Amino acid sequence: AVYLLDRRWRRLQTHYEQVTGVMNESHAFSLNLVRHFMPSFKVAKYQFRGMKAKKNTAGVEFDNLGLVLPNGRRVLSGVTGRFEAGRMCAIMGPSGAGKTTFMNTLCGKATYGQMVGSMKINGQETNPQDLKGFTGFVPQDDIVHQDLTVREQIQFSARLRGDRRFSGSRVELITEDVLNVMQIDHIQNSIVGSVEHRGISGGQRKRVNIGLELAAEPSLLFLDEPTSGLDATSSLAVCLSLKKMCQLGMTSIMVIHQPRYSLFTLFDDVLLLGKGGETVYLGSSLGAKEYFEGLGFEMPRNENPADWFMDVLSGEVQNPKIPNFKPEQLFDIWRTHAADGGGAENADLENADLEGQQQQACVRLCASRSRMLSPEDDKMVLAQKLEEEWNSVDFNNDGVMDADELRQLLSHCASMRPDEKVVCEIMARMAGDGAKEVTKRQFLDYLCSLSGDVANDEMLRELSETGDTGLQLSGLSAKVPESEEESAASSSESTSSAPYSGSLAQSSTLEELTVQKRGFLRQLQILTLRRLVQWWRMNRQRAIFFAALGMGGVVLAVLDGFIVKSQRWDAMTYLNLHTCLALLLSIFCLNVFGNDQPVFWRESASGINVSAYHLSKVLVNTVDIAVQTFLFTSIYYLIRQPFIPYWEFIIPFLFTAYAASGWGYLVSTVVPPQHGPFIVSLVSFIICGLLGNPATLANFFEIPVMKLCVSLVSITRWSVQMSFVIGNDYLQPEPTDVRDQVMLDVYKQIYMKEGTTEGQDIGHSCIALFGMGLALRFFSYLGLRFMNRSKQV
């Protein structure tokens, strides 16, 4: 069944990859169409099909923000300012300036100290802990699932962390958006891999790391050095992708280390911190150079301004206007500058005025050369061009364009013949799913819609009407106006339907920003599917444990049957069997929660339901437990021939496996992974080999407290009893040797109580082992949830 599920899953992922190719080719052919009719018409290189402009955006304000360590030392001091909604902001500074500390304080991850000062979201005072519902955090280390493909990583993140109201179609479109924006669509079915088993490259892995957060569509995204380890070109590509997301209203705040100047100027705002964690500058990235030169610093020619800023903050650059200059003086200079009205509070307004003046100057310059065309004018010109050439496009002059005519037009515009699936995709975007022909109006409306960052074609509109995407496109029409009056009306409406408006941020409360996450049952379903996909790809590691279990069964069977030649009813034989199985299975179960702890901490911090996560892993691992128990017992059974029906022989071992796996889960959640095998081996030796030994069990039973302790923690105290009672019932042993007779009587006194039947003895053992396994699983859940809490925020 799992094999068939895996085959179906692989076919589905291959289908998605083909769909991605068709969608990208369709958009490329569509752009060629626009360039053919009007080369000057502005079009978007990529259009979002699942994501849309945010109605609720998040602007961050912080006043006198600082962090005090438990020893009283202040590592961040009096940082005041704001990051406006929908902007890409950078935090920079030399080593020891507290860049990461500031960002961790802002997003609530600085659990190692006490935050002082205050922060606001859209003017509403709040605590960092209240941001979890609408923020994302990209760690510096690439914490991803090593055994999932690139697409699966993004896909499961979107399913788990996206809005619960999103349909499956919307989630897949969001996945496509992330893959394309992060430029990893060409490797979407490649396993990410690890250091031992290399998969994708380091730069691609970094993009997947960021894409996991983008798939959740956060309103506020924090990134800890997202370009570390990347070359300059890859760093620029990553920041361009994030800039694209900011166009939809996402606020991006990142710590970045000495970028090249072309990358530095991509940031809307930059916060420069000096050593000691105090503000040196907060404002436009383009205004930083002017600010420092205004203080008297002189930047050498051909110097990277971003590197020069770091030299100034470190005190490596002298100031002719300030004798005996020290970097600490920059803090007071900035405070004076901010107090005089030139600080962060008015920086955005000044930048907006500056940009407005630049745009007006550009408009006047262009107007002196030629008449400026508004977007509406562009659409009117495009409509006129299409009207003039429609007859040459409509070859049979029937007033509509069929698939063959569209294919010929696409071939002419792109100098290459499109695939049939591409033609069908473009026709569906123009006229709706299943369309056989396209009217002139539909053709023009589609071409005009290519100018926006968010796709608005007929296919998405149909899906929206049926509720398959969760998109609301009815208010984003890109149709061409037919008259000057309609053109004026559409011009006024275009302002209200713009992808992002900063004024919305002030009306967005925390409740409006918070994403409605999926409930326990839905998350359990998604996490179980993800675990099954991972489970099937662990066959190589699983084979090693299967071989160890099989070898253990062979060795014990040979020893008992041919070397030691122990009695088939001997309780010590059962003790060795159950202890061996418990030890191997508990070690195997350490991998369930111990191997991917950093991934769990990241997902828990993002709001994943811990109960669903724990249960999904336990449920899937139950398959392994059952299969390995069957393998171990069947090999021993075939060689040893215990003269007991197999279905009764295996029952005690199933309960042993259930309880022993609980110990593996518990140890893996409370003990560091490197110590897990040693701890679980020691535990198994004590609770199985020592406390459950029939030779000493009678002594334990003489002390009530010791009897209670042994009964609560020892697996073999109950499992050996089950095996012995079942074996005694079928074998009916009557040993002739006096020593064997004495041993048999001792076993009966221990395991077969007077006044109870065989069924009652077995029933008590089943209840005890089931309760033990259940309790251990519950304690492992508590360990998963409450251990390492500082890493789950």
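Residues numbered from 1 in each chain as written. Predicted model: local features only at pLDDT ≥ 70, side-chain atom pairs only at ≥ 80, totals over all residues. Heavy atoms only, no water.

With reference to specific residues and values, describe the overall build of the chain.
The secondary structure content of the chain amounts to 33 helices and twelve strands. Taking all 793 residues of the chain together, 52% fall into the buried category. Summarising the internal contacts of the chain: among those between residues at least 6 apart in sequence, 76% fall at separations of at least 24. (Helix = DSSP H or I, 4+ residues; strand = E, 2+ residues; numbered from the N terminus. Buried < 20%, exposed > 50% of the residue type's maximum accessible area, 1.4 Å probe, protein only. Contact = heavy atoms within 4.5 Å.)

Talk me through the pattern of salt bridges; I want residue IDs and the actual numbers.
Per the stated rule, a full pass over the model turns up 25 salt bridges. Residue Arg159 is joined to Glu172 by a salt bridge in which the shortest nitrogen-to-oxygen separation is 3.5 Å. Taken together, the positions of Arg159 in helix α3 (residues 150–161) and Glu172 in helix α4 (residues 168–181) put the pair 13 residues apart, joining distant regions of the chain. Assessed through its relative accessible area of 15%, Arg159 is described here as buried. On the basis of relative accessibility, which here comes to 11%, the residue Glu172 falls in the buried class. Between Lys617 and Asp596 there is a salt bridge; the shortest N-O distance is 2.7 Å. Linking Lys617 in helix α25 (residues 610–640) with Asp596 in the loop between α23 (590–594) and α24 (597–605), this pair joins segments that are 21 residues apart in sequence. Assigned by exposure class, Lys617 and Asp596 land together as buried. (Salt bridge = Lys/Arg side-chain N within 4 Å of Asp/Glu carboxyl O.)

Could you give me a rundown of the sheet that holds strand β5 (residues 124–126), with the residues and numbers involved?
Pairing within the open sheet is antiparallel, and its four strands lie in the order β2-β1-β4-β5. With partners counted over all chains shown, the strands left at the sheet margins are β2 (74–83) and β5, one partner each. Each strand of the sheet is rotated relative to its neighbour by a mean of 10°, with strand direction disregarded. Note: strand β4 (residues 114–121) against β5, three bridges, orientation antiparallel. Bridged to Lys120 within β5 is Glu125. (Pairing = 2+ DSSP bridges. Axes fitted to C-alpha atoms, helices over the stretch in contact; angles between N-to-C directions.)

How would you sum up the packing of aromatic side chains? Please name residues and give values.
Under the defined criterion, the tally for this structure stands at 32 aromatic pairs. Aromatic pair Trp569 and Tyr747: ring centres 6.5 Å apart, planes at 70°, arrangement edge-to-face. One end of the pair, Trp569, is in the loop between α21 (539–563) and α22 (571–588); the other, Tyr747, is in helix α32 (residues 738–751), with 178 residues separating them in the sequence. Residue class for Tyr747 comes out buried when judged on its relative accessible area of 6%. Their ring planes at 80° and their centres at 5.8 Å tell us that Phe593 and Tyr665 sit as a pair that is edge-to-face. (Phe/Tyr/Trp six-rings, centres within 6.5 Å; stacked < 30°, edge-to-face > 60°.)

Explain the packing of helix α1 (residues 2–37) against α3 residue by residue, including any values.
Orientation of α1 relative to α3, taken along the N-to-C sense of each, is 95°, at an axis distance of 12 Å. One way to sum up the angle between α1 and α3 is to call them roughly perpendicular. In this structure, α1 contributes Trp9, Gln13, Tyr16 and Thr20 to the contact, and α3 contributes Arg151, Glu152, Gln155, Phe156 and Arg159. Counted by class, the contact of α1 with α3 contains three nonpolar, three polar and three charged residues. (Parallel < 35°, antiparallel > 145°, perpendicular 65-115°, else oblique. Nonpolar A, V, L, I, M, F, W, Y, C, P; charged D, E, K, R; others polar.)

Could you give an account of the pairing of strand β8 (residues 251–255), with specific residues and numbers?
The buried fraction of β8 amounts to five of the five residues, a majority that puts the element mostly inside the structure. Here β8 shows two buried faces, one formed by Thr251, Ile253 and Val255 and the other by Ser252 and Met254. Sheet topology note: the strand β3 (residues 88–92)/β8 ladder contains four bridges and is parallel. Opposite Met88, over in β8, you have Ser252 as the bridge partner. As paired elements, strand β7 (residues 220–224) and β8 share five bridges and run parallel to each other. By the bridge assignment for β8, Leu223 is matched with Met254. Each parallel crossover has a hand, and for β7 linked through helix α6 (residues 232–246) to β8 it is right-handed. (Right-handed = clockwise from strand over helix to strand, strands pointing away.)

Outline the side chain of Asn104, listing residues and values.
Turning to its location among the elements, Asn104 is positioned in helix α2 (residues 99–107). Non-local contacts of Asn104, meaning those with residues more than four positions away in its chain, are made with Lys109, Ala110, Tyr112 and Phe137.

Hey, could you go over the sheet that holds strand β10 (residues 278–284) for me, with residue numbers and the actual values?
The strand order across the open sheet built from six strands is β6-β7-β8-β3-β9-β10, with neighbouring strands paired in mixed fashion. Of all the strands in the sheet, the pair left with one neighbour each is β6 (135–138) and β10. Looking at each pair of strands side by side, their axes are set apart by 15° on average, direction ignored. The strands touched by helix α5 (residues 202–214) are β6 and β7; relative to β6, the strand with the most contacts, the crossing angle is about 170°.

Note that all results are geometric; they support no functional claim without further evidence.
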